[in-house]
Amino acid sequence: AQSPAVPLQDPMPADDRTSQEPPAIDPLPRSEPLPPSESLPPIGLPFVSPLTPGLSPGAGLDLPSALPAAGLGASLSTSLGVTAGSFSAAPTMIGDLFGGGGLILGIDNVQVTSFIAEGTILSGSGSSAILGFGFSDPQAIDIITEFGTGTDQSLDGFVDQFSILEPIPPTNAPTSPGPGFVFGGGTAVFTDGSQTPADGPFDDGDSWFISYNYFLTEPSEEPIFLAGPDSTTRRVKIAENFSPEVRDRCFFNYSFFNDALGGLGDVSRYVLGFERILIDDLVSIEVRLPMAGTVSSRQHLERIGERDFELGNAIVIGKGVLLRNSRLTWTAGLGVTVPLADDTKLLRGNEMLLKIENEAVRLLPITGILYRHDPKTFFQAYTQIDVDVQGNPILAGTTQGDVVGIGRFTDSTLLHADISGHRIVHQTRDRSALLQGVIANAELHYTGTLQDSDVVRGRGLTVTNIARNFNILNATFGAHLLLGENLVVTPGMSIPLRDGTDEQFDYEAIVQVNYLR
């Protein structure tokens, strides 16, 4: 006998079938082993493999073959330069430049005479007048103006300045102090009691400021090495602790220069700075404030070489990304210096011998590229110009305790060219480890003058650069230590490859710290 048939269930109503969901199916098993550590992408890059669900960014997977050969991840173009991990994909160049700051001051054996005297019109009028002045006796004629030299310095339409002739004995006015001295010329300025030309026509009995000097044609003293204004960063190289990528960061640079050129001795320089992104991944603004323990901006002739802690000129740098892809980042920017440093002053006793006012403004255009050869190897190159667009006024002291301008010192224009190679030599998958990675740096830096710097001479003083032209070549080596998620510490060393005035220091020891948001 056959078994009774098992009754079939009623078929599911069509409406109920649509309410059921198929069971979830895991497309890939979660137990696949991770690849070896040598296949890790650059440290901290924001990348999630689309083939392995559940893994967090930076898990250290091989990149899919469909992604660019540089191995930077599909999301790199929108995230690079924003996260702390991006430092491994765009490390900074360390740098090398001391920047100068040293001047040569030549002091002629000079005798300067200046005084206020009443003027007497001896003949003529206007620019062709001849005037006489008494040195100590208003009734005497010790100084005479040169015929036909009258000029209008106040631009009011009236003559107010004349060149004077050398006083010849017998006279009460000081004359040549000895053999070898020559008359350096002088002027008589119509004034109301100061050194500023007065307005209106002059007449008998009016006050005039008389000034003249004698100097040796061959100075008997050795040149004096003097720190110019902003001796901490007189020439600025932007490519120090700098990357073509924009990022949010604050940073600190320390450089110890051993035996700096020009008798400046050992110099310790400190730079505080920050960089802030203004337009996401495209534009940033950077500010640097340098300081240094160096030769003081205020010196006494009797004890040259006094040292102090000096504030430098601030530097503001705008930077924008012109091109970015998986292998190349190209950036251009412009830096501008803001005069904050003290003026340079040289005193002889209580007398102001020399004053160099800090007014120079420098324009610093720069362009640079970062090339990613593979996930662990990078190269950078920069070109920068340093142009002094204004110069610094130089003033010489007088026996009356005042200072008069003798010229404006303008530094030569500089060209900087820098290249560097970077290699990730250590990285870890353990995100809790203190040392996340190490990036080795090797750099070559060139700095050269495009024209000679100025020479300013007057009132027995000669001011010029220690080296009016130079071609500096330095090598720098160091390593970026990536500590945790946000901190990068970079020790380094820079060594000159040339000698003479092209060797600005014996060696430079460097420590740079970056904190990235």
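Source: prediction; values computed, not measured.

**Examining a nonpolar patch on the surface**
Now for step 1: A contiguous nonpolar surface patch, about 310 Å² in accessible area, is contributed by Leu122, Ile141, Ile144 and Leu165.
Now for step 2: Structurally, the position occupied by Leu122 is in strand β2 (residues 110-123).

**Re the environment of Glu245**
Now for step 1: Topologically, Glu245 is positioned in the loop between β8 (224-227) and β9 (249-260).
Now for step 2: For Glu245, a relative accessible area of 0% puts it in the buried group.
Now for step 3: Taking C-alpha positions, Glu245 is 7.4 Å from Thr331, a pair spaced 86 residues apart along the chain.
Now for step 4: A distance of 2.8 Å separates a polar atom in the side chain of Glu245 from a polar atom in the side chain of Arg324.

**Considerations on the nonpolar core**
Now for step 1: Counting 18 residues, the largest nonpolar core has Phe133, Ile143, Phe202, Trp208, Ile210 and Tyr212 as the members making the most contacts within it.
Now for step 2: Looking at this core, the elements that each hand over two or more residues are β2, β3 (130-133), β6 (181-190) and β7 (207-216).
Now for step 3: Counting 16 residues, the second-largest nonpolar core is a separate cluster that includes Leu103, Leu354, Ile394 and Ala396.

**Some points on the pairing of strand β16 (residues 344-348)**
Now for step 1: Sheet topology note: the strand β12 (residues 298-300)/β16 ladder contains three bridges and is parallel. Within β16, the position partnered with Arg298 by the bridge is Lys345.
Now for step 2: In terms of strand pairing, β16 meets strand β17 (residues 351-356) through five bridges, oriented antiparallel. Across the sheet, Lys345 pairs through a bridge with Lys355, a residue of β17.

**Looking at the side chain of Thr413**
Now for step 1: Considering the arrangement of structural elements, one finds Thr413 in the loop between β21 (403-409) and β22 (414-427).
Now for step 2: Excluding its chain neighbours within four sequence positions, the residues that come into contact with Thr413 are Arg235, Ile385, Asp386, Val387, Gly448, Thr449, Leu450 and Gln451.

**Some words on the sheet that holds β17**
Now for step 1: Strand order in the open sheet made by the five strands is β12-β16-β17-β20-β21, with mixed pairing throughout. The strands lining the two open edges of the sheet, one partner per strand, are β12 and β21. Strand-to-strand twist of the sheet, defined as the mean angle between neighbouring strand axes without regard to direction, takes the value 20°.
Now for step 2: Bridge count between β17 and strand β20 (residues 392-397): three bridges; the pairing is antiparallel. The residue of β20 that forms the bridge with Leu354 is Ala396.

**Looking at the packing of aromatic side chains**
The way to describe two aromatic rings as a pair is by their centre distance and the angle between their planes.
Now for step 1: Considering all chains together, one arrives at 17 aromatic pairs under this definition.
Now for step 2: Ring geometry for Phe98 versus Phe257: centroids 4.8 Å apart, planes at 70°, classification edge-to-face. Of this pair, Phe98 sits in the loop between α2 (76-79) and β1 (102-107) while Phe257 sits in strand β9; the two residues are 159 residues apart in sequence, bridging distant segments of the chain. Here the two residues Phe98 and Phe257 agree in accessibility, since each one is buried.

Reading guide: rules and limits
- Residues numbered from 1 in each chain as written.
- Predicted model: local features only at pLDDT ≥ 70, side-chain atom pairs only at ≥ 80, totals over all residues.
- Heavy atoms only, no water.
- Patch = residues over 30% accessible without salt bridge, like charges linked within 9 Å, V, L, I, M, F, W, Y side chains within 5 Å.
- Areas by Shrake-Rupley, 256 points an atom, 1.4 Å probe, with all protein chains shown as cover.
- Salt bridge = Lys/Arg side-chain N within 4 Å of Asp/Glu carboxyl O.
- Helix = DSSP H or I, 4+ residues; strand = E, 2+ residues; numbered from the N terminus.
- Buried < 20%, exposed > 50% of the residue type's maximum accessible area, 1.4 Å probe, protein only.
- Polar contact = N/O pair within 3.5 Å; in protein donor to acceptor, adjacent residues only side chain to side chain.
- Core = buried A, V, L, I, M, F, W, Y, C linked by side-chain atoms within 4.5 Å.
- Pairing = 2+ DSSP bridges.
- Contact = heavy atoms within 4.5 Å.
- Axes fitted to C-alpha atoms, helices over the stretch in contact; angles between N-to-C directions.
- Phe/Tyr/Trp six-rings, centres within 6.5 Å; stacked < 30°, edge-to-face > 60°.

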